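Close look at the chain arrangement
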Amino acid sequence: MIYHFSPNLFWDADLSQLSLENHAAYVIQRVLEHGQMDDWRFINKHYGLKRIVEECKQMRTLDPVCLAFICTISHTKEEEYRCYHFRQSCPTPWNS
């Protein structure tokens, strides 16, 4: 099933060792931050929005645009996500 994704998503991973169930947070984060709409549709169909939101809430880091996206489609607040509370205290100039 991992071969359904865009080839660029998991360029640094051994696909034979990657499991959609055991590595759900990793897969979800990669798709949110670097995937295409087809990749999003696949994880949404496979995991469901509820599981995606649960996994995202536990992530220490998540791109701000991805956080805004997941909050918007799930009708949740940024404050509910761990990554919201662990933002860099000194962000890099290109991210401001």
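Below, the structure is looked at part by part. (Residues numbered from 1 in each chain as written. Predicted model: local features only at pLDDT ≥ 70, side-chain atom pairs only at ≥ 80, totals over all residues. Heavy atoms only, no water.)

Attention now goes to the overall build of the protein. The secondary structure content of the protein amounts to 5 helices and 0 strands. Moving toward the C terminus, one meets the helices and strands of the protein in the order α-α-α-α-α. The proportion of buried residues among the 96 residues of the protein is 34%. In the protein, 44% of the contacts between residues at least 6 apart in sequence involve partners at least 24 apart. About 6500 Å² of surface is accessible on the protein, with carbon and sulfur atoms providing 53% of the total. (Helix = DSSP H or I, 4+ residues; strand = E, 2+ residues; numbered from the N terminus. Buried < 20%, exposed > 50% of the residue type's maximum accessible area, 1.4 Å probe, protein only. Contact = heavy atoms within 4.5 Å. Areas by Shrake-Rupley, 256 points an atom, 1.4 Å probe, with all protein chains shown as cover.)

If you look at the biggest cluster of nonpolar residues, it comprises 26 residues, and the most contacted ones within it are Phe5, Val27, Ile43 and Cys56. Per-element accounting of this core gives the leading share, 5 residues, to helix α1 (residues 24–34). For Phe5, the contacting residues outside a window of four places in its chain are Phe10, Leu20, Val27, Val31, Asp39, Phe42 and Ile43. (Core = buried A, V, L, I, M, F, W, Y, C linked by side-chain atoms within 4.5 Å.)

Attention shifts here to the pattern of salt bridges. Tallying each qualifying case throughout the model produces 5 salt bridges. In this structure, Glu80 and Lys57 form a salt bridge, with 2.8 Å as the shortest nitrogen-oxygen distance. Within this pair, whereas Glu80 is found in the loop between α4 (64–74) and α5 (82–85), its partner Lys57 is found in helix α3 (residues 49–58), the two being separated by 23 residues in sequence. Salt bridges sharing common partners tie together Glu21, Arg51 and Glu55. (Salt bridge = Lys/Arg side-chain N within 4 Å of Asp/Glu carboxyl O.)

Time to look at α4. Since the α-helix packs 3.6 residues into each turn, any two residues three or four apart lie on the same face. Residues of α4 that are buried: Cys66, Leu67, Ile70, Cys71 and Ser74. On an axial view of α4, the arc spanned by its buried residues comes to 130 degrees, and they lie on one face. Along α4, exposed side chains directed more than 90 degrees from the buried face belong to Pro64, Val65 and Thr72. Buried-residue contacts for α4 involve α1, α2 (37–47), α3 and α5. For α4, the capping residue at the N-terminal end is Asp63, with a side-chain oxygen 2.9 Å from the backbone nitrogen of Val65. Positive backbone phi, at 55 degrees, marks His75, one or two positions downstream of α4. (Arc of directions from axis to C-beta. Polar contact = N/O pair within 3.5 Å; in protein donor to acceptor, adjacent residues only side chain to side chain.)

The subject of this paragraph is the side chain of Gln29. Tracing the sequence through the fold places Gln29 in helix α1. A polar contact of 2.7 Å, which involves the side chain of Gln29, links it to the backbone oxygen of Thr61. For Gln29, the residues in contact, after removing those within four places along its chain, are Met59, Thr61 and Leu62.

This part takes up the side chain of Thr76. One can find Thr76 in the loop between α4 and α5. Side-chain polar atoms of Thr76 contact the side chain of Ser74, separated by 2.8 Å. What Thr76 contacts, discounting residues up to four positions off in sequence, is Val53, Lys57, Ile70, Cys71 and Tyr81.

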